[in-house]
Amino acid sequence: MKFEDLLLEIGGFGRFQILILFILCLPRINLPMHFLLHNFLAATPSHHCAIPHQEAFVNLTMEEVLLISIPREPDGTFRSCEMFSQPQFHLLLNSSLQPENNSIIQHCQHGWVYDDSQFTSTISTQWDLVCEQRGLNQATATFFFIGVTMGAVVFGYLSDRFGRKAMLLLSLVCSVIFGMLSAASVSYSMLAILRTLTGVALSGVSLIVLPLGMEWVDVQHRTFSGILTSIFWSIGNMLLAMVAYLVREWHWLLVAVTGPCLLSIVCLWWVPESARWLIANGKVKQAHRHLLRCARMNGRKDFAEDVPLTMYAQRIVLQWQHKKPGGSYSYISLFRTPVLRKISLCSGAVWFGVAFSYYGMSMNLTGFGLNMYLSQFVFGVIEIPAKMIMYVVMNRAGRRQSQAWALILTGLCIGANVIIPKPFTSLRSVVAIMGKGFSEAAFTAVFLYTSELYPTVLRQNGMGYTSFVARLGGALAPLVFLLDEVWRSLPEVTYCGVAVCCGSVAFLLPETLNAHLPEGIEDVE
């Protein structure tokens, strides 16, 4: 007797499961508000060197002061990181003249002046993370994803050891504490450390929400549940655009995106622990209590006798004790047996490619032709039809083909925008939106696909490992933008190449469409 058979007796997708899924979707909304917060938290407005002794130029307009103080780019705009060592008054007579020699051009000596028409303040303007310090600005996102990477390992192990619900609660509480402390940061170092810790905490939410929901749902509704949960990520994406539009000051923006975690903590009271996990760990009475509650809510009042549950539990517990005398599974177990080893290596590569290309696209809001708030909103909107289409395609074409082609097409769209000339802004925008849609489809597929590839005893470890690899991709994605100093298109070429290569690896994974969730390692092998 398998757990799916028990689910069919108590109702595999009724009011009980719908309630759980909707409660688990609340923290899901919060995730992109932090994961993509860097777009607004660390936005760099247009800026130029601060000009000393400006009061000496009372007879000049601001434009004329800039003309004699700041060198220009070939397109006529003022440079952001350089100034003249002394005023070039001859430029007032003919602004098209070039300075006599480059020795009079120097780096900014007195700080910067920022355009505050779009942002009241960001961490860039607060701590001058521009020009030579631009790398530190991009590194803020990397620090966050390093935290998420570490959290993936920690919470993957802890949720298999101590239960899904307890670890989800712990991660939400820590997210609130570190998120609020981040908003009170008084130095860049303090912010970097607290954003890293926020990443660790939020990784638990990202990792546990989907499997906890999936372990209560029958085979037929598994894809639907995965897509439903991920739609709330897209809603969070759109909400981030609206919240960032309304809150232009970075301290309060951090407070605004962290606050909703409190609602998730309250609502988690109604979510039960995974019955699969309880039975796997020998807590049969507790599992039976939750299963009875599920049966009552779903109108299956005849499910009273605990004989089938006891038989199932005894078989599973004895089988697992036989396989692992006196010990528990670890990440090493993912690489011990040949089939699991292949699954782990290939799914790791796919996750890296999915996250690397997704965050590469999501953090390039300005190369798009629209303003950044509209770009963020449109990127969120396009994700919903992408998920809907993916739902149909995954059930028709299967998991493997859907996963591989979604990622390969993401890479091809990114590559196409390298070739399309800059003046064709409408075409570039359409291709970018399509790429974002494919990218989200690949992310939707990989979450569901991975949770079906690993057995119950190793599912959270498997999700933890793949999430770890994905966060490495997420951590590297913002740093790739710094390669534009080598060649303007090198970041896009890098994203394209990685997406196509990693998408091709997905063809090596097994198909899981309509298969029972494996429960022990021998089910996979």
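Caption draft 1: Layout of the packing of aromatic side chains. All chains considered together, the criterion is met by 27 aromatic pairs. Aromatic side chains Tyr358 and Phe443 sit 5.0 Å apart centroid to centroid with 90° between the ring planes, which places their arrangement in the edge-to-face category. Placement of the pair is Tyr358 in helix H15 (residues 338-362) and Phe443 in helix H18 (residues 425-453), with a sequence separation of 85 residues. Here Tyr358 matches Phe443 in class, with each residue buried. Here Tyr359 and Phe443 contribute two aromatic rings whose centre-to-centre distance is 6.3 Å and whose plane-to-plane angle is 85°, an arrangement assigned as edge-to-face. Remark: Phe443 occurs in helix H18 and Tyr359 occurs in helix H15; sequence separation between them is 84 residues.

Caption draft 2: Up close: the side chain of Gln403. Relative to the helices and strands, Gln403 is located in helix H17 (residues 399-419). A polar atom in the side chain of Gln403 sits 3.2 Å from the backbone oxygen of Ala442. Each residue touching Gln403, except ones within four places of it in the same chain, is listed here: Val350, Val354, Met390, Ala442, Ala445, Val446, Tyr449 and Ala506.

Caption draft 3: Structural context of unusual backbone geometry. Its identity is not glycine, yet Asp128 carries a phi of approximately 50°, on the positive side. Along the chain, Asp128 turns up in the loop between helix H5 (123-127) and helix H6 (134-162). Taking the relative accessible area as the measure of exposure, Asp128 reaches 27% and is therefore partly exposed. Of note in the backbone geometry, Cys131 takes a positive phi value of approximately 55° without being a glycine. Considering the arrangement of structural elements, one finds Cys131 in the loop between H5 and H6. Using a relative accessible area of 18% as the deciding quantity, one classes Cys131 as buried.

Caption draft 4: Examining the environment of Arg28 more closely. By the secondary structure assignment, Arg28 is in helix H2 (residues 15-35). Overall, Arg28 belongs to the buried group, its relative accessible area being 7%. Between the C-alpha atom of Arg28 and that of Val205, which follows or precedes it by 177 residues, the distance is 7.5 Å. Arg28 has contacts with Ser206, Val209, Thr229, Ser230, Phe232, Trp233 and Phe447, leaving out every residue within four places of it along the chain. In terms of polar contacts, Arg28 uses its side chain to reach the backbone carbonyl oxygen of Thr229, at 3.5 Å.

Caption draft 5: How the structure looks around the pattern of salt bridges. The tally for this structure, following the rule as stated, stands at 10 salt bridges. The partner of Arg164 in a salt bridge is Glu215, and the shortest N-O contact between them spans 2.7 Å. With Arg164 in helix H7 (residues 164-183) and Glu215 in the loop between helix H8 (188-214) and helix H9 (222-246), this residue pair connects regions lying 51 residues apart in the sequence. Of the residues examined, Arg164 reaches a relative accessible area of 0% and is grouped as buried. Each of Asp160, Arg164, Glu215 and Arg459 takes part in salt bridges that share partners, so that together they form one network.

What counts, and where the lines are drawn
- Residues numbered from 1 in each chain as written.
- Predicted model: local features only at pLDDT ≥ 70, side-chain atom pairs only at ≥ 80, totals over all residues.
- Heavy atoms only, no water.
- Phe/Tyr/Trp six-rings, centres within 6.5 Å; stacked < 30°, edge-to-face > 60°.
- Helix = DSSP H or I, 4+ residues; strand = E, 2+ residues; numbered from the N terminus.
- Buried < 20%, exposed > 50% of the residue type's maximum accessible area, 1.4 Å probe, protein only.
- Polar contact = N/O pair within 3.5 Å; in protein donor to acceptor, adjacent residues only side chain to side chain.
- Contact = heavy atoms within 4.5 Å.
- Salt bridge = Lys/Arg side-chain N within 4 Å of Asp/Glu carboxyl O.

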